[in-house]
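Report on the structure
Residues per chain are reported as follows:
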Amino acid sequence: MSYLTDSANRLYYEHHQKANKQTIILISGLGEDHSYWLPIKDLFLQEYGVLLIDNRGTGKSTDVAPVETIATMANDVVAVMDACGLKNAHILGHSMGGFIAQTIARDFPHRVDKLMLCSTGCHPSEKIMHSLDAQNRLIRLGTVPAELLINLGLPWAYSNQLFAHPEKLKAVIQEKLDKPLITTQEVVDQHTNACGQFDSRPWLSNITAKTLILCGREDLLLPVDQNEFMAQSIQSSELVIIDDTAHLLHVEQPERFYKLIRKFDSSAV
């Protein structure tokens, strides 16, 4: 558990080193901190060192300058790699974390061993940005009950498998009520604006890292067609579309998620 501090920022990270094993950096999505990955961290520690980072403004990385672009957070990740003495690593990003991972692969190709893009895309659609803006405005009102906000967001995150099992659905809602997102709305707005500006379509073909693209077939936020475009654009890429999962595929099917990454890492030499 450490902090990287410069004149303007204090970034929190945890580097779980494993002797003679490559490190995998797990980069979280919009507004999330490193705890996003804790339920599956031990899976990765079987075969990897693990580096977890609180993206700028989240978790314990709160004494920071504002997020301006996705590149801002990509530079943060590379600065933490420098602090940890990592010449390169596997880079795994989920959702907005996938935007960050793509940007690292573009700007710092020599720092990327293998690239793993999960539930992400190349440019959030205008429809999605409209929906995120509407949800953020509801939150800023401060009058909408938390349970209703959770229920409005769940269909964007989970597959029909959750909604077909009322007891599981009830448990997920209760868990989110018990452990609400602690990131401030100001930071969520900054992340949302950065996502809205992101567009990797013009430069995806410049990514040279061997790349795994994982997508839930029911992902509404960053759907299959975006992932297919990425796979067509990145020369050394493999696309896996996972049935019965949506945007949170690593939550819905954690064991399969990990096994697919291990399979890719073992075969992509």
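Above this text is the structure in question.
Just so you know, these numbers come straight off a predicted model, no measurement behind them.

**Considerations on the pairing of strand 6 (residues 112-118)**
- In terms of residue burial, strand 6 counts as a mostly covered element, since six of its seven residues are buried.
- Pairing between strand 5 (residues 89-94) and strand 6: five bridges, direction parallel. Of the residues in strand 6, the one forming a bridge with Leu92 is Met116.
- In this region the chain leaves strand 5, passes through helix 3 (residues 96-107) and returns to the parallel neighbour strand 6; the handedness of that crossover is right-handed.
- By the bridge criterion, five bridges tie strand 6 to strand 7 (residues 210-216) in an arrangement that is parallel. By the bridge assignment for strand 7, Cys118 is matched with Leu214.

**Things to note about the packing of helix 4 (residues 126-141) against helix 8 (residues 185-197)**
- At their nearest, the axes of helix 4 and helix 8 sit 11 Å apart, and the two run at 170 degrees to each other. Comparing their axes, helix 8 and helix 4 come out roughly antiparallel. Along the contact surface, helix 4 presents Met129, Leu132, Asn136, Ile139 and Arg140, while helix 8 presents Gln185, Val188, Asp189, Thr192 and Gly196.
- Tallied by class, residues from the contact of helix 4 with helix 8 come to four nonpolar, four polar and two charged.

**A few points about the sheet that holds strand 2 (residues 10-16)**
- What the eight strands build is an open sheet, ordered 1-2-4-3-5-6-7-8; its pairing is mixed. The open sheet has two edge strands, strand 1 (2-5) and strand 8 (237-242), and neither has a second partner. Strand after strand, the sheet turns through a mean of 20 degrees between neighbouring axes, direction not considered.
- Looking at chain direction, strand 1 and strand 2 are connected through four bridges and run antiparallel. When the bridges of strand 2 are listed, Tyr3 appears paired with Tyr12.
- This element, helix 11 (residues 254-267), spans strand 5, strand 6, strand 7 and strand 8 of the sheet and lies at about 160 degrees to strand 7.

Basis of the calculations
- Residues numbered from 1 in each chain as written.
- Predicted model: local features only at pLDDT ≥ 70, side-chain atom pairs only at ≥ 80, totals over all residues.
- Heavy atoms only, no water.
- Buried < 20%, exposed > 50% of the residue type's maximum accessible area, 1.4 Å probe, protein only.
- Helix = DSSP H or I, 4+ residues; strand = E, 2+ residues; numbered from the N terminus.
- Pairing = 2+ DSSP bridges.
- Right-handed = clockwise from strand over helix to strand, strands pointing away.
- Axes fitted to C-alpha atoms, helices over the stretch in contact; angles between N-to-C directions.
- Parallel < 35°, antiparallel > 145°, perpendicular 65-115°, else oblique.
- Contact = heavy atoms within 4.5 Å.
- Nonpolar A, V, L, I, M, F, W, Y, C, P; charged D, E, K, R; others polar.

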